[in-house]
Amino acid sequence: MELIERQHFLGAPDFRERAPVINFVLPCYNEEEVLPETASRLTRLLEDLEAQELISPASSVYFVDDGSRDRTWPLIEELATTASRFCGIKLSRNRGHQNALLCGLMSIHGDALISLDADLQDDLGIIADMVRAFRSGHEVVYAVRRRRDTDSFFKRVTAEGYYRILAAMGVNLVFNHADYRLLGRRPLEALRGYREPHLFLRGLVPLLGYRSTTVAFDRAERFAGESKYPLGKMLALAWQGISSFTPYPLRLITGAGVLVSLVSLAMAAWALALRLLTNEALPGWASTVIPMYFLGGIQLLGLGVIGEYLAKVFESGKHRPRYQVESICGQWRAP
Ligand code: UDP
Ligand code: MG
């Protein structure tokens, strides 16, 4: 710890001469179908990068098993016995991709960590460029998608719209970047200081600062198996991103409240004017019932959003751990 704190003040470490130890973190949830292929491609990649002296031979691959119910963990254990560069962490149950990834980021040391998905959708071909960017002084390297043509029309439109809406609400996100990134030691240490239980890592990392850059890639189709991010989980993550980073929806409700109140005032003035100045009778039922339902709806929505934020305070107050490690395997290297 002391050493790390000193490094904070000493500035970014210099990797122009020494090849850095780059470790890889891959959260895995029921990935038995892709894991062997992922492991063999990573082995080839690491051997290649080591031969080019881009990374140190002490670099390792860490699989975080997010409470899988298939043969993912036995496979990871098997990999760890066959090659010293493979290690594993098993969470005690499924905690979701963000928590599994966080567990890796919190537990693994090295000069830098690269996080990527286990399903080979993240193009391994750009890792050399990411490492080069790191060695030239960028402590955060974001992999961003060049196109979204491997996504369904629905996912493409909603995902891009989402990034734009968040940007409009003042949340600083890297456009079309998810969780494929390299983090140097100093940003990692900084990230470890963020204790919030509602994780949206792609929103947190830009808050850390440090010199950063992007590398573009094309996202492939999933190598095998099916997505572990069904619509429900995706919506939950999307809402996490909004409600953990901006009070904007609360303001929206205030705005709607003000608007509806003004409209009601105008309606009251209109009704009064009709009563006092003309002989016309007010149209009765619709003008009473519709605003009632409308206001009821807005109020319920408002309460719901406020409740969501309140629930976050409630959850945070408990200070529960974000994940529990059940076992580890492989040759863990000291920091
Ligand atoms: N994942 C996880 N826990 C979960 C869901 C997913 O660790 O509860 C992992 C999964 O194994 C994969 C990564 O998160 O390595 C991304 O998931 P997936 O590929 O299913 O998402 P998609 O690419 O379809 O958005
Ligand atoms: Mg995927």
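Please refer to the structure higher up on the page.
The model shown is predicted, which means the values in this text are computed figures rather than measured ones.

Caption draft 1: Examining a nonpolar patch on the surface more closely. The grouping of Phe154, Leu231 and Leu235 at the surface amounts to a nonpolar patch, some 310 Å² of accessible area in total. Structurally, the position occupied by Leu231 is in helix H9 (residues 231–243). Classification of Leu231 by relative accessible area gives partly exposed; the value is 44%.

Caption draft 2: Structural detail: the coordination of the magnesium ion (ligand 2). Every protein donor of the magnesium ion (ligand 2) is listed here as Asp119 (OD) and Gln121 (OE1), and their distances to the metal cover 1.9 to 2.0 Å. Look at Asp119 and you get buried, because its relative accessible area is 3%.

Caption draft 3: Up close: the pattern of salt bridges. One pass over the full model with this rule turns up 16 salt bridges. A salt bridge links Glu50 to Arg85; the shortest N-O distance between them is 2.9 Å. Of the two residues, Glu50 sits in helix H2 (residues 35–51) while Arg85 sits in the loop between helix H3 (72–82) and strand S3 (86–91), which places them 35 residues apart along the sequence. As far as the burial class goes, Glu50 and Arg85 line up, both buried. Ionic pairing is found between Asp122 and Arg219, a salt bridge with its closest N-O pair at 2.8 Å. Of the two residues, Asp122 is situated in the loop between strand S4 (112–115) and helix H5 (127–135) and Arg219 in the loop between strand S7 (212–217) and H9; the sequence distance between them amounts to 97 residues. Several salt bridges converge on common partners, so that one network encompasses Arg18, Asp111 and Arg185.

Caption draft 4: Layout of the side chain of Asn23. Checked against the element boundaries, Asn23 lands in strand S1 (residues 22–28). Every residue in contact with Asn23, bar those within four places of it in the chain, is listed here: Ala58, Ser59, Ser60, Tyr62, Ile108, His109, Gly110, Ala112, Leu113 and Ile114.

Caption draft 5: Representation of unusual backbone geometry in the model. For Tyr210, which is not a glycine, the phi torsion comes out positive at approximately 70°. The phi torsion at His319 lies on the positive side, around 50°, for a residue other than glycine. Mapped onto the elements, His319 comes out in the loop between helix H11 (285–317) and strand S8 (325–329). Judged by relative accessible area, which is 68%, His319 ranks as exposed.

Caption draft 6: The site of ligand 1, seen in detail. Lining the immediate surroundings of ligand 1 are 19 residues, of which Glu31, Asp66, Asp119, Ser227 and Lys228 lie closest. A distance of 2.8 Å separates an oxygen atom of ligand 1 from a polar atom in the side chain of Lys233. If ligand 1 stood free it would expose 530 Å²; the protein chains cover 94% of that surface. The class makeup of the residues in the shell around ligand 1 is five nonpolar, five polar and nine charged.

Caption draft 7: Summary view of the pairing of S3. Along S3, six of the six residues are buried, which leaves the element largely enclosed by surrounding structure. Where strand S2 (residues 61–65) lies against S3, five bridges are found, and the strand directions are parallel. Each residue of the ladder has a partner; that of Val61, found in S3, is Phe86. Where S3 and S8 come together, four bridges link them in antiparallel fashion. Counterpart to Ile89 in the pairing with S8 is Ile328.

Caption draft 8: Inspection of the packing of helix H6 (residues 153–168) against H9 at higher detail. The geometry of H6 relative to H9 is characterised by a closest axis approach of 11 Å and an angle of 10° between their N-to-C directions. Compared by their axis directions, H6 and H9 come out roughly parallel. Of the residues in H9, those in contact with Phe154, Lys155, Tyr162 and Leu166 of H6 are Leu231, Met234, Leu237, Ala238, Trp239, Gly241 and Ile242. Partitioned by chemical class, the residues of the contact of H6 with H9 number nine nonpolar, one polar and one charged.

Caption draft 9: Here's a closer look at the packing of aromatic side chains. Counted according to the given criterion, the structure contains eight aromatic pairs. For the ring pair Tyr180 and Phe217, a centre distance of 5.1 Å and an interplane angle of 90° mean the geometry is edge-to-face. Linking Tyr180 in strand S6 (residues 177–184) with Phe217 in strand S7, this pair joins segments that are 37 residues apart in sequence. A relative accessible area of 2% places Tyr180 in the buried class. Geometrically, the ring pair formed by Phe200 and Phe245 is edge-to-face, given 6.0 Å between the ring centres and 65° between the ring planes.

Cut-offs used in this document
- Residues numbered from 1 in each chain as written.
- Chains lettered and ligands numbered in written order.
- Predicted model: local features only at pLDDT ≥ 70, side-chain atom pairs only at ≥ 80, totals over all residues.
- Heavy atoms only, no water.
- Patch = residues over 30% accessible without salt bridge, like charges linked within 9 Å, V, L, I, M, F, W, Y side chains within 5 Å.
- Areas by Shrake-Rupley, 256 points an atom, 1.4 Å probe, with all protein chains shown as cover.
- Salt bridge = Lys/Arg side-chain N within 4 Å of Asp/Glu carboxyl O.
- Helix = DSSP H or I, 4+ residues; strand = E, 2+ residues; numbered from the N terminus.
- Buried < 20%, exposed > 50% of the residue type's maximum accessible area, 1.4 Å probe, protein only.
- Donors = N, O, S within 2.8 Å, 3.2 Å for Na, K, Ca; no water.
- Contact = heavy atoms within 4.5 Å.
- Near = heavy atom within 4 Å.
- Polar contact = N/O pair within 3.5 Å; in protein donor to acceptor, adjacent residues only side chain to side chain.
- Nonpolar A, V, L, I, M, F, W, Y, C, P; charged D, E, K, R; others polar.
- Pairing = 2+ DSSP bridges.
- Axes fitted to C-alpha atoms, helices over the stretch in contact; angles between N-to-C directions.
- Parallel < 35°, antiparallel > 145°, perpendicular 65-115°, else oblique.
- Phe/Tyr/Trp six-rings, centres within 6.5 Å; stacked < 30°, edge-to-face > 60°.

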